[in-house]
Amino acid sequence: DAKTTQPNSMESNEEEPVHLPCNHSTISGTDYIHWYRQLPSQGPEYVIHGLTSNVNNRMASLAIAEDRKSSTLILHRATLRDAAVYYCILMGDSNYQLIWGAGTKLIIKP
Amino acid sequence: EPEVTQTPSHQVTQMGQEVILRCVPISNHLYFYWYRQILGQKVEFLVSFYNNEISEKSEIFDDQFSVERPDGSNFTLKIRSTKLEDSAMYFCASSERGLAGGYNEQFFGPGTRLTVL
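Because the structure is predicted, anything quoted here is derived from the model rather than measured.

Student: Would you mind showing me how to read unusual backbone geometry here?
Tutor: Negative phi is the rule for most residues except glycine; trans is the rule for most peptide bonds. Look at the link from Thr7(B) to Pro8(B): it is a cis peptide, with omega at -10°. Even without a glycine there, the phi angle at Ser41(A) is positive, about 60°. Positionally, Ser41(A) belongs in the loop between β3 (32–38) and β4 (45–50). At Arg68(A), a residue that is not glycine, the phi angle is positive and equals roughly 65°.

Shown next, in the form of structure tokens:
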């Protein structure tokens, strides 16, 4: 399975944008980039996913580098409720399981 | 909004006992999954299930584990003879389609905390 690298933790101020990076230099052409998050004491929650083009949804935006070796999850205006561990996961077209790394713990300061 | 539910929220059992963890996936979903998370560690895949069959399983999912969809709504994980190291949070998830590549998101339940004494 292709691996991802994320910073262990990041801090941001409330109501400011947050950019969460993910490196995946060994990504293959058919791997999708998925982001999930896990709020404290809760189950994981889907955030967004993409293949090549940037993606937007009501929760976040996903910016994918042209060479696809890295991506950035963007929270446009962080709230205290966005404090969570964010996971960047690669999903190949022959897999049905999510392979989790350690993720980035996002701390939001009021 | 539809959601995945899990019962019980916390299960305490003695080592060697059998436990059954229950999940009710989202009603129109066809693919079901179990993951676990030992305290302080990362989430680990256990098994995926589709059309009444296991489609993938990890090395963790040995002969002590089994899954079943006994009726049209429940999806269960059974651990036949629990060990201390089975203590973890167990998450059930479901998806409308198989998560091969893209076009899918897995919806997770709140988890069952299993404590083996």
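Student: What exactly am I supposed to notice about the sheet that holds strand β8 (residues 75–79) of chain B here?
Tutor: Through backbone hydrogen bonds, the strands of a sheet pair up, either in parallel or in antiparallel fashion. All names here are of chain B. What the four strands build is an open sheet, ordered β1-β3-β8-β7; its pairing is antiparallel. Each edge of the open sheet carries a strand with a single partner, namely β1 (5–7) and β7 (65–68). Geometrically, the sheet is characterised by an average inter-axis angle of 20° between neighbouring strands, direction not taken into account.

Student: Which parts of the structure should I look at to understand the packing of aromatic side chains?
Tutor: With the rule as written, the count across this model stands at 14 aromatic pairs over all chains. Between the aromatic rings of Tyr36(A) and Phe108(B), the centroid separation amounts to 6.0 Å while the plane-to-plane angle is 80°, which identifies the pairing as edge-to-face. Taken together, the residues span two chains, with Tyr36(A) in strand β3 and Phe108(B) in strand β10 (residues 107–108). The pair Tyr36(A) / Phe108(B) is uniform in exposure class, with both members buried. Considering the side-chain rings of Trp100(A) and Tyr35(B), the 6.1 Å spacing of their centres and the 85° angle between planes classify their relative orientation as edge-to-face. Within this pair, whereas Trp100(A) is found in the loop between β8 (84–91) and β9 (104–109), its partner Tyr35(B) is found in strand β4 (residues 31–37), the two belonging to separate chains. The exposure class of Trp100(A) is buried, given its relative accessible area of 3%. Of the aromatic side chains, those joined through ring pairs into one cluster are Tyr36(A), Tyr46(A), Tyr87(A), Trp100(A), Tyr33(B), Tyr35(B), Phe45(B) and Phe108(B).

Cut-offs and rules
- Residues numbered from 1 in each chain as written.
- Chains lettered and ligands numbered in written order.
- Predicted model: local features only at pLDDT ≥ 70, side-chain atom pairs only at ≥ 80, totals over all residues.
- Heavy atoms only, no water.
- Helix = DSSP H or I, 4+ residues; strand = E, 2+ residues; numbered from the N terminus.
- Pairing = 2+ DSSP bridges.
- Axes fitted to C-alpha atoms, helices over the stretch in contact; angles between N-to-C directions.
- Phe/Tyr/Trp six-rings, centres within 6.5 Å; stacked < 30°, edge-to-face > 60°.
- Buried < 20%, exposed > 50% of the residue type's maximum accessible area, 1.4 Å probe, protein only.

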